[in-house]
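As a plain string of letters, each chain reads:
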Amino acid sequence: MQQVRLLRRHMWGIAGTLLIIAAFIVLCAASVHVRGLPAEPWACDEFDCADPIYDLRAPYVPITIGALLTGTVGIILLILARPIRWASFAGRPRGWSRALLNTILCVGLAAGVLIPWWALLSGVINWSVPTVSLVVVLGLTTVHIMLWAWLRRQHGRDRDSWGAALAVQAIVSVATVSISAPFLPLTYLLAPPMQLILLLVGARIAAKMLQGEGEEQYLEREKAASSIQIVAVAGLVVVIGIGTVWASLPRPVPDALQARIDAGDWPLRKDAEESRPQQPAPSEPAARTPATQPTQAAPECKASALDMTIEGWDAATGARAATLVVTNSHASDACQLQGLPGFRIIQAGDDLDVEINEYDISPSTEDLYSTITIGTQESAESVLYWRGERSAYHDDSAQRAEVLIDDTWVQADFEFQEGNTPSDSPFDVVEHSELDISKWSPSDRLVQ
């Protein structure tokens, strides 16, 4: 039996091939792990779910980058693994053979370029870093193999063809981005055909450059691999295998999030409404009586005569709003609310020292009063407005809102309408945040 002779280039080939296979395995595993995984749990308050706190896909980004670098190293190592001359080379193709070879090149390049672009733009794949990277790498690999096979068939220089295919792809990729990027938003329409055309032109130029005579001077005697090289490659195989298994495992939940899960405080996601159990329909609410004589002269309201609620929670793109409703529930006569209401937020026993400013509402839609008189069982309201700081706000301890009436701080109860998630800390503000308060207007809000 003839003994198999391991050459040095075989060692490079084993290392490069294993690195490429490992990269594909890790990319496939990461794509599977992120599929269906929410990008993050969402920090929800009573009116909106926004501003992610934890990104559960983030740990797969460095894994993906590592796989891409590993695959790139493997592709480069295969340059050293290829023989200098293709043993089966029998001369350049002619006639129908040449036409068939060119047709295969065009079809292969079109598939490698257009299919990934179609997959990315049509939305048939999950837009995550591992999945997008896998699709792009599959396309680039297809293009590389087609270029290498075509160039090798032109002149028989195997190793040079492998390196030239890499160079053509790199140059074309940079040129495609540089030319098409300034034409946003038409980039996605220009880039695919431009990339395909540049690859065909690059293949022709590379074939011309590799047609020169005298490549025999680069021929070298095939050297056998030494025992040290064989052992080193065997050790590398073990390292690659262990690294591939580790990188292919699902990433653990962050410690900060795991603590919240253990405490039963798992933040809702945007799709939480779909799985929320159906609540019984609320009873028909009764209407409040607005202030009927807002400019009537009356004594100042006493704290003991009033009931206060904060309701009407609303939000849009970071802006937050709610309504402070004051009802004259316990007095036998009308009383007067004077000036901009004093307001503070207490959290965990501490005053957040929120800066209060006057909020201007268009006078065309509201009758506003700096001083307003409310009769018995009548109500007035003031709009609260602030910018949400959920990205900086992680304190879920209970809050208490208080309004200054007759030099006395009176607690305002939180009320939540249907569709709002009840919360003990509905104000996503931090210490020294700004909060705007409007002038008074008659309230005809519904009693919840």
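A brief structural summary. Bear in mind the structure is a predicted one, so any value in this text is a computation, not a measurement.

Looking now at the overall build of the chain. From N to C terminus, the chain includes 9 helices and 17 strands. Taking the intrachain contacts of the chain between residues at least 6 apart in sequence as the baseline, contacts between residues at least 24 apart amount to 81%. Total accessible area on the chain stands at roughly 24,500 Å², and carbon and sulfur atoms take up 60% of it.

Judged from the 6 bridges that link them, strand β8 (residues 342-347) and strand β13 (residues 399-405) form a sheet pairing that is antiparallel. For Phe-343, the partnering residue across the bridge sits in β13 and is Val-403. In this structure, β8 lies alongside strand β9 (residues 350-351), joined through 2 bridges in antiparallel fashion. Bridge pairing in β9 links Ile-346 to Asp-351. In textbook terms, the turn of a hairpin is the stretch between consecutive antiparallel strands, and for β8 and β9 this stretch comprises 2 residues, one of which, Ala-348, has a positive phi near 55°.

Let us look at a nonpolar patch on the surface. Taken together, the side chains of Ile-179, Phe-183, Leu-186, Leu-189 and Leu-190 make up a nonpolar region of the molecular surface, amounting to roughly 470 Å² of accessible area. Relative to the assigned elements, Leu-190 resides in helix α6 (residues 187-209).

Moving on, we get to a positive patch on the surface. A surface patch of positive charge is lined by Arg-92, Arg-94, Arg-98, Arg-204 and Lys-208. With respect to the element layout, Arg-92 can be found in the loop between α2 (60-81) and α3 (95-122). Classification of Arg-92 as partly exposed rests on a relative accessible area of 35%.

Side-chain pairs of opposite charge can arise whenever the charged atoms involved come near each other. Going through the model one piece at a time under the given rule, you end up with 8 salt bridges. Of the charged contacts in the structure, one is a salt bridge between Glu-402 and Arg-344, with a shortest N-O distance of 2.6 Å. Residue Glu-402 is located in strand β13, and its partner Arg-344 is located in strand β8; the two are separated by 58 residues in the primary sequence. A residue is classified by how much of its surface remains accessible, and Glu-402, at 8% relative accessible area, is buried. Judged by its relative accessible area of 23%, Arg-344 is partly exposed. In this structure, Arg-400 engages Glu-402 in a salt bridge whose closest nitrogen and oxygen atoms are separated by 2.7 Å. Put simply, Arg-82, Arg-152 and Asp-158 are held in one network by salt bridges that share partners.

Here we take up helix α5 (residues 158-180). Over its 23 residues, α5 runs 33 Å from end to end, which matches the ideal 33 Å to within 8%, given 1.5 Å per residue. Residues Asp-158, Arg-159, Ser-161, Trp-162, Ala-164, Ala-165, Val-168, Gln-169, Val-172, Thr-176 and Ser-180 constitute the buried set of α5. The secondary structure elements touched by the buried residues of α5 are α2, α4 (129-155) and α6.

With that settled, the discussion passes to the packing of α2 against α4. A pair of packed helices is captured by two measures, namely the crossing angle of their axes and the spacing between those axes. One can describe the packing of α2 onto α4 by two numbers: an axis separation of 9 Å at closest approach and a directional angle of 20°. On the basis of their axis angle, the class for α2 and α4 is roughly parallel. Crossing handedness for the pair α2 and α4: right-handed. Of the residues in α4, those touching α2 at Tyr-60, Val-61, Thr-64 and Leu-68 are Val-129, Pro-130, Ser-133 and Val-137. Its residues assigned to classes, the contact of α2 with α4 shows 6 nonpolar, 2 polar and no charged.

Before going further, it helps to examine the state of the cysteines. If you walk through the whole model with that rule in mind, you get 1 disulfide. Here Cys-301 connects covalently by a disulfide to Cys-335, the sulfurs 2.0 Å from one another. Here the disulfide of Cys-301 and Cys-335 is right-handed, its torsion about the S-S bond being about 85°. Remark: Cys-335 occurs in strand β7 (residues 335-338) and Cys-301 occurs in the loop between β4 (289-290) and β5 (306-316); sequence separation between them is 34 residues. Just as Cys-301 is buried, Cys-335 falls in that class too.

Counting residues in each nonpolar core, the largest one holds 34 residues, and the members touching the most others are Leu-105, Leu-109, Leu-147, Trp-150 and Leu-199. At the level of secondary structure, the elements contributing two or more residues to this core comprise α1 (8-34), α2, α3, α4, α5 and α6. At 8 residues, α4 tops the list of elements feeding residues into this core. Grouped together as the second largest cluster of nonpolar side chains are 32 residues, Trp-313, Val-326, Ile-372 and Val-403 included.

The subject of this paragraph is the side chain of Glu-378. Mapped onto the secondary structure, Glu-378 falls in strand β12 (residues 378-387). Of the polar contacts made by the side chain of Glu-378, one reaches the backbone nitrogen of Gly-375; its length is 2.6 Å. Discounting chain neighbours no more than four positions away, the residues touching Glu-378 are Thr-289, Pro-290, Ala-291, Thr-292, Val-326, Thr-327 and Asn-328.

Turning our eyes to something else, we now look at the packing of α2 against α5. Their axes nearest at 8 Å, the elements α2 and α5 cross at an angle of 155°. Taken as axis vectors, α2 and α5 run roughly antiparallel relative to one another. For the crossing formed where α2 meets α5, the hand is left-handed. Along the contact surface, α2 presents Ile-75, Leu-78, Ile-79 and Leu-80, while α5 presents Arg-159, Trp-162, Gly-163 and Leu-166.

Among the secondary structure elements, Leu-210 is positioned in the loop between α6 and α7 (227-248). In sequence terms Leu-210 and Leu-151 are 59 residues apart; their C-alpha atoms lie 8.6 Å from each other. In contact with Leu-210, not counting residues within four places along its chain, are His-155, Arg-157, Asp-160, Ser-161 and Ala-164.

Conventions used here
- Residues numbered from 1 in each chain as written.
- Predicted model: local features only at pLDDT ≥ 70, side-chain atom pairs only at ≥ 80, totals over all residues.
- Heavy atoms only, no water.
- Helix = DSSP H or I, 4+ residues; strand = E, 2+ residues; numbered from the N terminus.
- Contact = heavy atoms within 4.5 Å.
- Areas by Shrake-Rupley, 256 points an atom, 1.4 Å probe, with all protein chains shown as cover.
- Pairing = 2+ DSSP bridges.
- Patch = residues over 30% accessible without salt bridge, like charges linked within 9 Å, V, L, I, M, F, W, Y side chains within 5 Å.
- Salt bridge = Lys/Arg side-chain N within 4 Å of Asp/Glu carboxyl O.
- Lys, Arg positive; Asp, Glu negative; His and termini not counted.
- Charge placed at Lys NZ, Arg CZ, Asp CG, Glu CD.
- Buried < 20%, exposed > 50% of the residue type's maximum accessible area, 1.4 Å probe, protein only.
- Expected span 1.5 Å × (residues − 1).
- Axes fitted to C-alpha atoms, helices over the stretch in contact; angles between N-to-C directions.
- Parallel < 35°, antiparallel > 145°, perpendicular 65-115°, else oblique.
- Left-handed = near helix turned anticlockwise from the far one by under 90°.
- Nonpolar A, V, L, I, M, F, W, Y, C, P; charged D, E, K, R; others polar.
- Disulfide = S-S within 2.5 Å.
- Core = buried A, V, L, I, M, F, W, Y, C linked by side-chain atoms within 4.5 Å.
- Polar contact = N/O pair within 3.5 Å; in protein donor to acceptor, adjacent residues only side chain to side chain.

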